[in-house]
Amino acid sequence: NAGVTQTPKFRVLKTGQSMTLLCAQDMNHEYMYWYRQDPGMGLRLIHYSVGEGTTAKGEVPDGYNVSRLKKQNFLLGLESAAPSQTSVYFCASSLSRPLNQPQHFGDGTRLSIL
Amino acid sequence: GESVGLHLPTLSVQEGDNSIINCAYSNSASDYFIWYKQESGKGPQFIIDIRSNMDKRQGQRVTVLLNKTVKHLSLQIAATQPGDSAVYFCAEPPSGTYKYIFGTGTRLKVLA
């Protein structure tokens, strides 16, 4: 059982380049989330989805876009990468509404923007 | 505003001793809490959760205590092992929203 899988694991970009981070879950979870984790700041929610075809903004959505075309996949896009987006990105999923449900996380994508 | 925070950024414990990691929350209406463990280079891993109708819940070598009076929860790890070295943080899904609130974490260091 793979759980939540993120690709790629590492990436280095130049300022202005674009890229897409892929998250896939095989638990048939409805809810999926993208977080960034920076030193001393904990996890911050970028975007989330409450079901196939839906997306919503989190705390820090600027500079990112997402898509949820299939229930099992949640894509995070950077249209024009900036050094401030250097971070570790985590995808998570949960079975249903967060009430009384833990999130399951992938192992992250480490992204550096030069 | 709502917040979930941790008292100490780093905790050093001798191998074999018990560890206690604390977490404070501010929303008295919170009814569910989660503890995660994050090892270096990995994503957060679910350890144990507790609902507000409970004061204590035990897992394998871990116990979570909830004190609703002072809005405080703690994670106790019995007989701490080197493999327990990680960052631990609590999380709270506020009622009525989809968004979890995470603390910044406490780093547990196990000394040989």
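What this report covers is the structure whose coordinates are included nearby. Within any chain, residue numbers begin from 1 and follow the written order of that chain's sequence. To label them, take the chains in the order written and letter them from A, then take the ligands in the order written and number them from 1. Confidence filtering applies because this is a predicted model: local features only for residues at pLDDT of at least 70, side-chain atom pairs given and counted only at 80 or more, and all residues used for totals across whole chains, interfaces and linings. As a rule here, side-chain values cover all heavy atoms of the structure and leave hydrogens and water aside.

Our focus in this paragraph is the interface of chain B and chain A. Taken together, the contact pairs 24 residues of chain B with 26 residues of chain A. Summed over both partners, the interface of chain B with chain A comes to about 1,900 Å²; 59% of that surface belongs to carbon and sulfur atoms. As used in this structure description, the phrase polar contact means that two N or O atoms lie within 3.5 Å; if the pair is within protein, one of them must be able to donate a hydrogen and the other to accept it, and residues adjacent in sequence are counted only when both atoms belong to side chains. Seen at the junction of chain B and chain A, the total is five residue pairs in polar contact (both at pLDDT 80 or more). Taken together, the elements giving at least two residues each to the side of chain B that touches chain A come down to strand 4 (32–38) and strand 5 (45–51) of chain B. Pairs of residues are marked as contacts when any of their non-hydrogen atoms sit within 4.5 Å. In short, buried area is how much 1.4 Å probe accessible area vanishes from two parts on joining, totalled over both. Helix and strand definitions follow DSSP, with helices as H or I runs of at least four residues and strands as E runs of at least two, each counted in order from the N terminus.

As a further point, take the sheet that holds strand 7 (residues 64–67) of chain A. Residue and element names in this part refer to chain A. The criterion for strand pairing is that DSSP finds at least two bridges linking the strands in question. Here four strands make up an open sheet; going across it, the order is 1-3-8-7 and the pairing antiparallel. Since the sheet does not close on itself, it has two edges, and those belong to strand 1 (4–7) and strand 7, each with one partner. On average, adjacent strands in this sheet sit at an angle of 20° to one another, irrespective of strand direction. Where strand 7 and strand 8 (residues 73–78) come together, four bridges link them in antiparallel fashion. Bridge assignment links Val 66 to a residue of strand 8, and that residue is Leu 76. Fitted lines through C-alpha atoms give the axes, limited to the stretch in contact for helices. The angle between two N-to-C directions lies from 0 to 180 degrees.

Turning next to the pairing of strand 5 (residues 42–49) of chain A. Residues and elements named next belong to chain A. Three labels apply to residues, based on accessible area from a 1.4 Å probe with only protein chains included: buried if under 20% of the type maximum, exposed if over 50%, partly exposed otherwise in between. Most of strand 5 is tucked away, with eight of its eight residues classed as buried. Pairing geometry for strand 4 (residues 31–38) and strand 5, over seven bridges, is antiparallel. Directly across from Met 32, in strand 5, lies its bridge partner Ser 49. Here strand 4 folds back onto strand 5 in antiparallel fashion, the turn holding three residues, of which Gly 40 has a positive phi close to 75°.

Take it as geometry only, folks, not as evidence of what the structure does.
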